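As a plain string of letters, each chain reads:
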Amino acid sequence: MSTFKAVVIEKTEAGQSIGFQQVGDDFLMDGDVTVRVTHSTVNYKDGLAVTGKSPVVRRFPMIPGIDFAGIVIDSASPDYKAGDEVILNGWGVGETHLGAYSERARVKAQWLLPKPEGLTLAECMAIGTAGYTAMLAVMALEKHGMTPADGPVVVTGAAGGVGSVAVTLLSRLGWHVIASTGRTGEAEYLKHLGAAEIMDRAELSAAGRALGKERWAAAVDSVGSHTLANLIAQTRYHGAVAACGLAQGMDLPASVAPFILRGIALLGIDSVMCPVAKRREAWRRLSIDLDRTKLGAMTTHVAFADVLDTARAILDGTVRGRVVVDIGWPASSSIETRQPVRGGVRPRGASGH
Ligand code: NDP
């Protein structure tokens, strides 16, 4: 039986541990398609899974990693054959089903999408769940009838993954984009992606008034908590806010006033169980509407061996834009020893990208 490298999270009475292991095909869970993973990525949720800071992982042992791109090795499904290039985002992979930080994955065929035309496998992971979620948020605003003519759009967590892709997409689609960030030193980066204005996130992060001055027509929020409440309170009459994240917190200390006095819409965005037709449309739109050069500018590549440090760094807010993990292992490297999940390993190689 051939073996391959994977990151494995284990749980014992002593607690959780994480590290690289050499495992065999019999380690993988049921599924009708086996894929050689060529690329993965690091999303905020991957940081939560790797550090154990939130109960993202609900089955042990687990291979973390919620996104992969790769090449089909073996398929019992009529929809895929060996050699096909495929991508996967979510569906509980890396949470309840063995995930992407592995040289090999076995999954259900209906979770896969053929690699979108015009994008490489690496570009698909540069986009990843974060970028595909940004597209879902843009599509939700459009479905609500919002257009650039309605006024500015604000993007929170702008220097992060969802934020960087949202800024790039919305500016390309003609919106006046206000980028809200705690990293004002990244102003030039955000302007390069298409931001027209930079706003210090401190303007939104503390408890605010139930209704404020109407400042923007729309918003894409990956932060939650007071930031989301303030976004809603300062959205123009009949505007809309697409909410997808919780980087500040899961709470929503808001008032109903903006909803009942200004007709504001709060649009919830879920990428994990999103129906296939909407996913296909999101990826089709990404292949058309996302500026490939700017995608390159927001992307850093890390080696598979560095995935754990990068996943820890994303929770510290030091990862800029998007990260592609090149899955594959230098022949001379040995397998890393197992570490406690809260091992306090200093993030390296992930800041200042
Ligand atoms: P990143 O870490 O790349 O981006 C998050 C950004 O949020 C940071 O870069 C930072 O931006 C900002 N931020 C971090 N901490 C705080 C804080 N305490 N207060 C205010 N802003 C903060 O993560 P992702 O882009 O991968 O994910 C963003 C969020 O979206 C996460 O909460 C994630 O769980 C969620 N998400 C949800 C999905 C869904 O299906 N609903 C799918 C994908 C992601 P800056 O430095 O610019 O201020």
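Residues numbered from 1 in each chain as written. Predicted model: local features only at pLDDT ≥ 70, side-chain atom pairs only at ≥ 80, totals over all residues. Heavy atoms only, no water.

**What to know about the side chain of Thr41**
Relative to the assigned elements, Thr41 resides in strand β3 (residues 33-41). By relative accessible area, Thr41 is classed as buried at 0%. Within the structure, the side chain of Thr41 is placed 3.4 Å from the backbone oxygen of Met125, a separation counted as a polar contact. With residues near it in sequence (within four places) discarded, Thr41 still touches Asp46, Asp67, Tyr101, Met125, Gly128, Arg322, Val323 and Val325. (Helix = DSSP H or I, 4+ residues; strand = E, 2+ residues; numbered from the N terminus. Buried < 20%, exposed > 50% of the residue type's maximum accessible area, 1.4 Å probe, protein only. Polar contact = N/O pair within 3.5 Å; in protein donor to acceptor, adjacent residues only side chain to side chain. Contact = heavy atoms within 4.5 Å.)

**Here's the deal with the site of the ligand**
Near the ligand, the surroundings consist of 25 residues, among which Thr181, Gly182, Arg183, Arg201 and Ser271 are the closest. One of the backbone nitrogen or oxygen atoms of Gly161 is found 2.8 Å away from an oxygen atom of the ligand. Interatomic distance of 2.6 Å between a side-chain N/O atom of Thr181 and an oxygen atom of the ligand. Coverage of the ligand by the protein amounts to 87% of the 910 Å² it exposes when considered alone. If you list the elements that add at least two residues to the shell around the ligand, you get α2 (121-143) and α3 (161-172). When the residues that make up the shell around the ligand are grouped by side-chain class, the tally is ten nonpolar, twelve polar and three charged. Split by domain, the residues of the shell around the ligand number at least three in each of domain 1 (3-115 + 298-341) and domain 2 (129-268). (Near = heavy atom within 4 Å. Areas by Shrake-Rupley, 256 points an atom, 1.4 Å probe, with all protein chains shown as cover. Nonpolar A, V, L, I, M, F, W, Y, C, P; charged D, E, K, R; others polar. Domains from an automatic or database assignment.)

**Re the domain arrangement of the protein**
When the domains of the protein are assigned, the result is domain 1 (3-115 + 298-341) and domain 2 (129-268). In this structure, domain 1 and domain 2 have C-alpha centres spaced 30 Å apart. The interface of domain 1 with domain 2 comprises 13 residues on the first partner and 16 residues on the second. Carbon and sulfur atoms make up 57% of the area that domain 1 and domain 2 hide from each other, which totals about 1000 Å². Counting the contacts that link domain 1 with domain 2 gives one salt bridge. In this structure, the connection of domain 1 to domain 2 is made through six residue pairs in polar contact (both at pLDDT 80 or more). (Buried area = accessible area lost by both parts, 1.4 Å probe. Salt bridge = Lys/Arg side-chain N within 4 Å of Asp/Glu carboxyl O.)

**Quick notes on the pairing of strand β2 (residues 15-24)**
Sheet faces and side chains relate simply in a regular strand, where the side chains alternate between the two faces. In terms of burial, β2 is largely enclosed, as seven of its ten residues are buried. Pairing of strand β1 (residues 3-12) with β2, which is carried by ten bridges, proceeds in the antiparallel orientation. Considered in β2, the bridge of Lys11 is made with Gln16. The antiparallel hairpin formed by β1 and β2 contains two residues in its connecting segment. (Pairing = 2+ DSSP bridges.)

**Remarks on the pattern of salt bridges**
This structure, assessed with the given rule, holds twelve salt bridges. Ionic pairing is found between Lys45 and Glu95, a salt bridge with its closest N-O pair at 2.9 Å. Taken together, the residues span a long stretch of sequence, with Lys45 in helix α1 (residues 44-51) and Glu95 in the loop between β5 (85-89) and β6 (104-107) at a distance of 50 residues. The class for Glu95 is buried, based on a relative accessible area of 6%. Its salt-bridge partner being Arg285, residue Glu142 comes within 2.8 Å of it at the nearest N-O pair. Of the two residues, Glu142 sits in helix α2 while Arg285 sits in helix α8 (residues 276-289), which places them 143 residues apart along the sequence. The network of salt bridges with shared partners includes Lys45, Arg58 and Glu95.

**With respect to the sheet that holds strand β8 (residues 153-155)**
In space, the six strands of this open sheet follow the order β10-β9-β8-β11-β12-β13, with parallel pairing throughout. The sheet terminates laterally at β10 (197-200) and β13 (265-268), the two strands that pair on one side only. On average, each strand axis in the sheet is tilted by 20° relative to the strand beside it, whichever way the strands run. Relative to β10, strand β9 (residues 177-181) runs parallel, the two sharing four bridges. Among the inter-strand pairings, Ile178 is bridged to a residue of β10, identified as Glu197. Running over the sheet, α2 touches β8, β11 (216-221), β12 (235-243) and β13 and is turned about 150° from β11. Each of β8, β9 and β11 touches α3; the most contacted strand, β8, lies at about 160° to it. (Axes fitted to C-alpha atoms, helices over the stretch in contact; angles between N-to-C directions.)

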